[in-house]
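Chain by chain, the residues:
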Amino acid sequence: MKIIYLLVPLLAIYFLDGCRSSYDRTESRETASRYFSDPKIERRVDSLMSQMTLDEKIGQLVLYSSHFTTTGPTLPKNVEEAIRNGTCGNIFNAHVPAYNRELQRIAVEETRMGIPLLFGYDVIHGMKTIFPINLGMSCSWDIEGIKNSARVAAREAIAAGLNWTFSPMVDVTRDPRWGRVSEGSGEDTYLGSLIAAAMVEGYQGEGPETLASDSTILACIKHFAAYGAPQAGRDYQTVDLSDRTLRETYLPPYKAGIDAGAGSVMSAFNDIDAIPATASRYLMTDILRKEWGFNGFVVTDFTAINELVPHGVAADSLEAGALALNAGINMDLQGDIYHRFLKQLVEQKRVFLKQVDKMCAGVLRIKFALGLFDDPYRYLDTTAVAREFYKPENLAAARDMARKSIVLLKNDNRTLPIATGRKIALIGPFANTRIDLLGSWYGQGDSSHVVSILQGMQERFGHNKVIYAQGAPYEQESRIGFSQALHAARNSDITVVAVGLPGSWSGEATSMTTITLPLIQQELIAAIRTTGKPLVLLLLNGRPLDLSWESTVSDAIVEAWYPGTEGGHAVADVLSGDFNPCGKLTMTFPRTLGQVPIHYDIKNTGRPFTPNVGEQHYVSRYIDLPDNTPLYPFGYGLSYTTFAYSDLRIVPDKSDMKQPIEITVTVRNSGERSGTEVVQLYIQDVVASVTRPLRQLKGFERVELAPGESREISFQLDAESISFYRQDMSYGYEPGQFKVWVGGSSTADLEGIFEVTR
Ligand code: BGC
């Protein structure tokens, strides 16, 4: 009888709720932990730790910058001595093999335990051969290409004596005021997760054992968590998200990187739900270790433990150290808190020795997995620089990624491509710069190796066909160069104006309150426009811009981002048509900054309601902006050819999701040139227990088609792809109708529907 009393309410909940399915995803633990749970390694870690003193254990939790940089509050004057006396077990910003080799020798030969050092560095989009900025590369939607860029970066980094990169940055970013959008993969969680995994595999190799191979380095997933959502786009600012948004939108790329095997994670500077990430047990232990099974190590961002004091959650450095260690932070980057206070904290019983041991084991485990104990010098071949830096295949890969990253935003009257033989006026503050093409965080990229736009255009079109005039500086109100630029324009068939923002305006601490081009550049464009010559805007920038005015005065707009070492070649490839552009935006370009934060996967409101205007209709709007759509939406980008979509089929169109649903579409190259289209699949869960986005990206494929050629493209939607955090925060799907769109951007209009049954 008692059982029936229990069963009836349970069954009632099940049926009345009506929305639970049989599918519930249990968070996958084994995926992440399978990488670093080798019993042999664990035995070696245990045996080593049983011989270590507390001081030696603390030394493993310390990361100092080398003499190559002088930032940081308490840099030891003598790094060699700090290594020798065991207070420093890891070094960053050292990237000369002979120097690193000497430091490693000291660690291995002159310390009691002989534990090798990690050598970390910010290798973000290349070490020597610089690829486009990460936001640019994401616009290629070329997952293999992105993975390969990380492979190339790893090999060049190894040649420089490194075994650890502070990359990939996988923060979802939705606010172009934030300067670090340039380092991420844009606004979408699904695409961002694929890129996170690809970059980890590029750096570390694929599979548990590859980290120990000669061509791989340790990756670091950063900045955990939600660093990409600072209020008002101000770097380091407060982040305040619901747990649902955190888990659904922001966490998946970190998890994808960890599931791909990333051995380290960097804690973010920001607070989130009022707790600084670096002091958050919820993030560092409950989610990262317990839910996701991560058993590598967490390093702080630069002095992030010290910053717990100004955050106002620690009275002093001592308390800050205790908070961080107890939260689950293994390694103190340049803060010197662990070195100065951890022993005292153990003595005062404010942290347990057991927790110190756990944190130390995390670091040692990864050093074993890297193979450093077996051969501490294997990354330190002083002859590798000559072989690896700027290898022809590295440059070819960078050029290929740069041209795939370029997004053609506008091309009226087939202004582009530019036919050989035409006279081109190449104007603008970025036409002949080199350093700006590298963007931010460009490793040890050397600007003298950068192919400028002018150089690339002259090589492709001929020196006598390209007339260069700077026209104006990038910011300063000086019109002195206008007359020369006008002269060049009048004597040409077509004008290409290279405008944008300098590379140093992107990256850390570069938040901006405007996203328009500086006034002088707009004045230059207006002046060139008066010549009546076809006007191509070539943009170099690291964030979405407000191009509302520019889009009305130019004939074509090419978004080149910061394209890296081979930028000038890549731009010439695209402008000449030698390469047909295929990049698609991964961050929305608004019409005005007032729309920010803006992203494609918005939800309906309940109002206003005006009949017959379509789905956008429930989206609230501004009285001073008639159309609250973006200027250029997520997923958008033109080609020199056109693509037509037809025959959308959904099989089965009613399913209990035991088997995946197959969505098939025919894509045809309806133009006259070969081209690559990024075919994109979006869905909407029409009615659910919580409000759902109007569209969400669930699949894509890059397809190359000859003129007139058609191809059937199929996508599989499984239970995971329609799942979300339901009203009670359980994860799974709910039965009901789902809309589907397939096309070349997030505004695709070929629509279908399927039903999920219980
Ligand atoms: C940045 C990190 C970087 C670290 C080490 C910090 O200021 O936020 O992204 O990896 O410095 O250079």
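None of these values were measured; they are calculated from a predicted model.

Draft legend 1. Main features of the overall build of the chain. Secondary structure summary: the chain contains 22 helices and 26 strands in total. Taking 758 residues into account, the globule formula puts the C-alpha radius of gyration at 27 Å, and the chain, at 27 Å, falls close to it. Expressed along its principal axes, the backbone C-alpha trace of the chain runs to roughly 80 × 75 × 45 Å. With 758 residues in all, the chain has 62% of them scored as buried.

Draft legend 2. Seen up close, the environment of V123. In this fold, V123 is placed in the loop between β3 (118-121) and α7 (134-138). Taking the C-alpha atoms as reference points, V123 and A157, 34 residues apart in sequence, are found 7.3 Å from one another. Discounting residues that sit within four places of it in the chain, V123 has contacts with A153, A157, L162, T165, S167 and Y203.

Draft legend 3. The pattern of salt bridges, seen in detail. By the definition in use, this model includes 42 salt bridges. For K147, the salt bridge is made with E206, and the minimal N-O distance between the two is 3.0 Å. Here E206 lies in the loop between α9 (189-204) and β5 (220-224) and K147 lies in helix α8 (residues 143-159), a separation of 59 residues in the sequence. For K404, the salt bridge identified is with D400, shortest N-O distance 2.8 Å. Of the two residues, K404 and D400 both sit in helix α17 (residues 392-405), four residues apart, roughly one turn of that helix. In this structure, a network of salt bridges that share partners links the residues E81, R84, E102, R105, E109 and E110.

Draft legend 4. Representation of the side chain of T666 within the structure. By secondary structure assignment, the location of T666 is in strand β19 (residues 661-669). Under the relative-accessibility criterion, T666 is labelled buried at 13%.

Draft legend 5. Representation of helix α15 (residues 353-369). Across its 17 residues, α15 extends 24 Å between first and last C-alpha, which sits within 8% of the 24 Å expected from 1.5 Å per residue. Among the 17 residues in α15, 13 count as buried, and that is most of the element.

Draft legend 6. View of the environment of D555. Structurally, D555 can be placed in the loop between α21 (550-553) and β16 (556-559). Taking relative accessible area as the criterion, D555 reaches 14% and is therefore assigned buried. Considering only alpha carbons, one finds D555 and G362, 193 residues apart in sequence, at a separation of 56 Å. Excluding residues within four positions of it along the chain, D555 makes contact with K410, N411, D412, T415, R529, K533, P534 and L535. Polar contacts involving the side chain of D555 include one to the main-chain amide nitrogen of L535, which spans 2.7 Å.

Draft legend 7. Here's a closer look at the site of the ligand. Neighbouring residues of the ligand: D122, F166, R180, K222, H223, M266, F269, D301, F302 and E508. With the chains in place, 94% of the 310 Å² that the ligand exposes on its own is no longer accessible.

Reading the values: the criteria
Counting starts from 1 at the beginning of each chain's written sequence and moves along it residue by residue. The model is predicted, so local features are restricted to residues of pLDDT at least 70 and side-chain atom pairs to those at 80 or more, both for listing and for counting; the totals for chains, interfaces and linings are taken over all residues. Heavy atoms throughout the structure, all of them, feed into the side-chain values; hydrogens and water do not. Helix and strand definitions follow DSSP, with helices as H or I runs of at least four residues and strands as E runs of at least two, each counted in order from the N terminus. Throughout, the radius of gyration refers to the C-alpha atoms, and the reference size of a globule is 2.2 Å times the residue count to the power 0.38. Residue exposure (1.4 Å probe, protein chains only): buried if accessible area is under 20% of the type maximum, exposed if over 50%, otherwise partly exposed. Residue contacts follow a heavy-atom distance rule, with two residues in contact if any of their heavy atoms lie within 4.5 Å. One speaks of a salt bridge when a side-chain nitrogen belonging to Lys or Arg is within 4 Å of a carboxyl oxygen belonging to Asp or Glu. Here, expected helix span is obtained from the residue count minus one, scaled by 1.5 Å. Any N or O atom pair separated by 3.5 Å or less is treated as a polar contact, with the protein-specific requirement of one donor-capable and one acceptor-capable atom, and with residues adjacent in sequence counted only for side-chain atom pairs. We call a residue near a given molecule or strand whenever any one of its heavy atoms falls within 4 Å of it. A 1.4 Å probe and the Shrake-Rupley method give the accessible areas. Residues count as covered only by the protein chains that appear here.

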